[in-house]
Amino acid sequence: MNKISEWIKNSRKIVIKIGSNVLSNDEGMANIEFIESITEQINRLRKQDKQIMIVSSGAGICGVGAMHMWARKGDINYKQALCAIGQVELMNAYKQSFAKRDVHVGQLLITGEDFEDPSRSLNIRNTLFTLIDEGVVPIINENDTVSIEQISIGDNDTLGALTANLWNADLFIILSDIDGVYDKNPKTHADANLIDEVTDSDKLMDRIETDGTSSFGTGGIRTKIKAAVMVNSYGIPMLLANGKNKNVLNDLLDDSVKGTIFLPHGGKTKS
């Protein structure tokens, strides 16, 4: 099974992480057209008897979109306030889009401490299972308004990996602004080569150049490889693909676009 489409088709429980760089347009504002498209594609997967959880960045971007006057304020209090405002805007966009398809959504805001505390993590797991069992799509984000350095997860790639592990997902998908992992930065090197399949994610850092982060996100390729290491250690494969292609999930199912699939050692997935 070496085609990306086969990994998606054979996975029932899928966590999809959507990055800030994917959710934003060229002006750094929330891309409502993308949200409409991705919810339609996710609903298509749900109709194929798949269970989907979304880990979504974008609260900060949506906050800037709503409060233009604060866009250049770098103070942490304003950043967290923008996230508080933007979280409402982001969830409302998801809610309206999924409602057109008669689907409800539920929001979970989580910090690093929540995963470290057994009682909290159990409550998260129980809530996720209940939402999924009742046909509701969970939408998860870090609780930026209370997350300080000591309790923050730091990026939603890691949050998505933690969620995939907690839920015992079959597949973790990260939608970013690149086609997958390259041997060097494709934005600065014309001769960069895409790596289709990785079976040693824990050693990958030593083999490629990992400089650079996106303009609007907090994570770069390093955080994505770190997320792959985390989920692969639990026997969960991870797929990295380009969410800037607005039909990305449909095209992945049709094998008409490429991505990078990270497989656990030896290609053995969880039983």
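Throughout what follows, the structure given in this document is the object of discussion.

**Details of the pattern of salt bridges**
Pairs can form between side chains of opposite charge whenever their charged atoms are close. Applying the stated criterion to the full structure yields nine salt bridges. For K17, the salt bridge goes to D157, with nearest N and O atoms at 2.9 Å. Placement of the pair is K17 in strand β1 (residues 13-18) and D157 in helix α8 (residues 156-167), with a sequence separation of 140 residues. Taking relative accessible area as the criterion, D157 reaches 2% and is therefore assigned buried. Here E33 makes a salt bridge to K246, at a shortest N to O gap of 3.3 Å.

**Concerning the nonpolar core**
Ranked by internal contacts, the top residues of the largest apolar core, which has 36 residues, are V15, I140, F172, M238 and F262. For this core, the elements supplying multiple residues, two or more each, are β2 (51-56), β3 (105-110), α7 (118-133), α8, β5 (171-176), α10 (221-232) and β9 (238-242). Sort the elements by how many residues they give to this core and α10 lands first, with six residues. I140 has contacts with M53, I54, V55, S56, L108, I110, L128, L159 and T163, leaving out every residue within four places of it along the chain.

**Considering the pairing of strand β4 (residues 137-142)**
Within β4, six of the six residues are buried, which leaves it mostly tucked inside the rest of the structure. Inspection of the sheet shows β2 paired to β4 by two bridges, in the parallel sense. Paired with I54 across the strands is I139, a residue of β4. Pairing between β3 and β4: six bridges, direction parallel. The partner of L109 across the bridge, within β4, is N141.

**Focus: unusual backbone geometry**
In this model, N168 sits at a positive phi of 60°, which is unusual for a non-glycine residue. With respect to the secondary-structure elements, N168 resides in the loop between α8 and β5. We classify N168 as partly exposed; its relative accessible area is 36%. The backbone of D255 sits at a positive phi, close to 60°, despite the residue not being glycine.

**Considerations on α10**
In a regular helix each residue adds 1.5 Å, so 12 residues correspond to 16 Å; α10 covers 16 Å between its end C-alpha atoms and thus fits that length. Counting buried positions along α10 gives nine out of 12 residues, so the element sits mostly inside the fold.

**A look at the packing of α7 against α8**
As a packed pair, α7 and α8 sit with axes 10 Å apart at the nearest point and diverge in direction by 75°. When the axes of α7 and α8 are compared, the pair comes out roughly perpendicular. On α8, the residues that touch S121, I124, R125, L128, F129 and I132 of α7 are T163, L166 and W167. Here the contact of α7 with α8 is built from residues that sort into six nonpolar, two polar and one charged.

About the cut-offs
Residues numbered from 1 in each chain as written. Predicted model: local features only at pLDDT ≥ 70, side-chain atom pairs only at ≥ 80, totals over all residues. Heavy atoms only, no water. Salt bridge = Lys/Arg side-chain N within 4 Å of Asp/Glu carboxyl O. Helix = DSSP H or I, 4+ residues; strand = E, 2+ residues; numbered from the N terminus. Buried < 20%, exposed > 50% of the residue type's maximum accessible area, 1.4 Å probe, protein only. Core = buried A, V, L, I, M, F, W, Y, C linked by side-chain atoms within 4.5 Å. Contact = heavy atoms within 4.5 Å. Pairing = 2+ DSSP bridges. Expected span 1.5 Å × (residues − 1). Axes fitted to C-alpha atoms, helices over the stretch in contact; angles between N-to-C directions. Parallel < 35°, antiparallel > 145°, perpendicular 65-115°, else oblique. Nonpolar A, V, L, I, M, F, W, Y, C, P; charged D, E, K, R; others polar.

Remember that the coordinates give geometry; whether it matters functionally is a separate question.
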